[in-house]
Amino acid sequence: MSSILKYLIHELRLFFIAIWFLSRLPIPKWVGFQEEWLETSIKYSPFVGIVLGSIGFVAFFIFQIFFGSLVAFILSTGLLVILTGCFHEDGFSDFCDGIGGGWKREDILRIMKDSRVGSFGAAGLSLLLLLKVAAGYKSLEILDGIFHFQILFTSLETAKSLFSEEWIFILQTWLFFITAHSFSRFVSLSFFLTHDYAKDEGYAKPMAKSMTLGQFSFSAIAGLGPLLALSYFSPLFLLIFIPCFLVRMYFSTLMRKWIDGFTGDCLGAVQQGMETLVWIWGAFLWISI
């Protein structure tokens, strides 16, 4: 077996390890597991976002035919919550509990580690999900009536029909879904390079030590690619970097002030915050502008 093929197989193994770690999706048995693989697989987090975003899009596409955009988006969001095991949502909840309920670094870290959900966590997560659903629906309600049975059963007689208005809408919607999930995970990875890990131990600490600029640059393929493709259809979408910078700065300020670093829960909070920001930005662009 050539060295190139071995390298490609190993990278494919890391991708599957990332899927296993970040979701409940099944992976092939031949993949196996070694702890050091987990540490380096985190660079594939945005790629996993593309997979999850695509699943969410397919679910939305099917449900929208029967129920309309609002119910379809709620169901697709619920499906992804199940498929990820509330992995990032749990981090957001713990982050809210820790920052909201603690006054000292040690207290905040202890509260974040507690598996129980407090008042701040319950309120924060509830508001987050409501905001995500509301923004997602307002972004996608323009598609009501676009997805219907005629599209599913229309034969593509010419190449021109492939690029009809309906199919452009479908492509944009898919890019929107995967951008929300890949870009948010890419932004959360950036904290590995700019912040120290706040605890003496934790599942994210080995990843924090192993993350390199090269790995982060590799993750940008999936982290920024869908966003740039979506911006081809909606150039103003690139302006999302402005609110993204402000939201990231806000999270960064909280982390540095209260715990002098980040934890896995902080990364989950950032991912959820950035994902929701993408939906809000879509609603702002396609409704207000």
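Model, not experiment: these values are computed from the prediction.

A. Representation of the overall build of the protein chain. Summing up its helical and strand segments, the protein chain has 15 helices and zero strands in all. Counting contacts in the protein chain only where the partners sit at least 6 residues apart, residues at least 24 apart contribute 76% of the total. Total accessible area on the protein chain stands at roughly 14300 Å², and carbon and sulfur atoms take up 68% of it.

B. Local environment of the packing of aromatic side chains. Enumeration over the complete set of coordinates arrives at 26 aromatic pairs. Residues Phe 16 and Trp 30 carry aromatic rings whose centres are separated by 6.0 Å and whose planes lie at 90° to one another, so their mutual orientation is edge-to-face. You can see Phe 16 sitting in helix H1 (residues 3–22) and its partner Trp 30 sitting in the loop between H1 and helix H2 (35–41), a full 14 residues away along the chain. An angle of 15° between the planes, with centres 4.7 Å apart, marks the rings of Phe 186 and Phe 216 as stacked. With Phe 186 in helix H10 (residues 165–189) and Phe 216 in helix H13 (residues 213–233), this pair connects stretches of sequence that are 30 residues apart.

C. Looking closely at the packing of helix H4 (residues 69–84) against helix H7 (residues 119–140). Where H4 contacts H7, the two axes come as close as 9 Å, and the packing angle between them is 130°. Compared by their axis directions, H4 and H7 come out oblique. In this structure, H4 crosses over H7, and the sense of that crossing is right-handed. Facing Ser 69, Leu 70, Phe 73, Ile 74 and Thr 77 of H4, the residues of H7 in contact are Lys 132, Val 133, Gly 136, Tyr 137 and Leu 140. By residue class, the composition of the contact of H4 with H7 is six nonpolar, three polar and one charged.

D. Representation of the nonpolar core in the model. Counting residues in hydrophobic clusters, the biggest one holds 55 residues, and the most contacted among them are Phe 95, Phe 237, Met 255 and Trp 279. Excluding residues that lie within four positions of it along the chain, Trp 279 makes contacts with Phe 73, Lys 132, Ala 135, Gly 136, Ser 139, Leu 140, Phe 176, Phe 177 and Ala 180. Leu 22, Tyr 44, Leu 52 and Leu 80 belong to the second largest nonpolar core, which has 19 residues in total.

E. Here's a closer look at the environment of Gln 271. Take Gln 271: it is sitting in helix H15 (residues 264–288). Considering only alpha carbons, one finds Gln 271 and His 88, 183 residues apart in sequence, at a separation of 6.9 Å. If sequence neighbours within four positions are ignored, Gln 271 has contacts with His 88, Ser 184, Arg 185 and Ser 188.

F. Expanded view of the UniProt feature "transmembrane region" (unreviewed entry) in the protein chain. Those places that UniProt annotates as "transmembrane region" (unreviewed entry) correspond, in this numbering, to residues 7–27, 47–75, 117–137, 167–194 and 232–251. Annotated as 96% helix and 0% strand, the span residues 167–194 places its first and last C-alpha atoms 40 Å apart. The straight-line gap between the two end C-alpha atoms of residues 232–251 is 29 Å; of that span, 65% is helix and 0% is strand.

Calculation rules
Residues numbered from 1 in each chain as written. Predicted model: local features only at pLDDT ≥ 70, side-chain atom pairs only at ≥ 80, totals over all residues. Heavy atoms only, no water. Helix = DSSP H or I, 4+ residues; strand = E, 2+ residues; numbered from the N terminus. Contact = heavy atoms within 4.5 Å. Areas by Shrake-Rupley, 256 points an atom, 1.4 Å probe, with all protein chains shown as cover. Phe/Tyr/Trp six-rings, centres within 6.5 Å; stacked < 30°, edge-to-face > 60°. Axes fitted to C-alpha atoms, helices over the stretch in contact; angles between N-to-C directions. Parallel < 35°, antiparallel > 145°, perpendicular 65-115°, else oblique. Left-handed = near helix turned anticlockwise from the far one by under 90°. Nonpolar A, V, L, I, M, F, W, Y, C, P; charged D, E, K, R; others polar. Core = buried A, V, L, I, M, F, W, Y, C linked by side-chain atoms within 4.5 Å. Buried < 20%, exposed > 50% of the residue type's maximum accessible area, 1.4 Å probe, protein only. UniProt positions renumbered as here; feature names shortened; annotations may be inferred.

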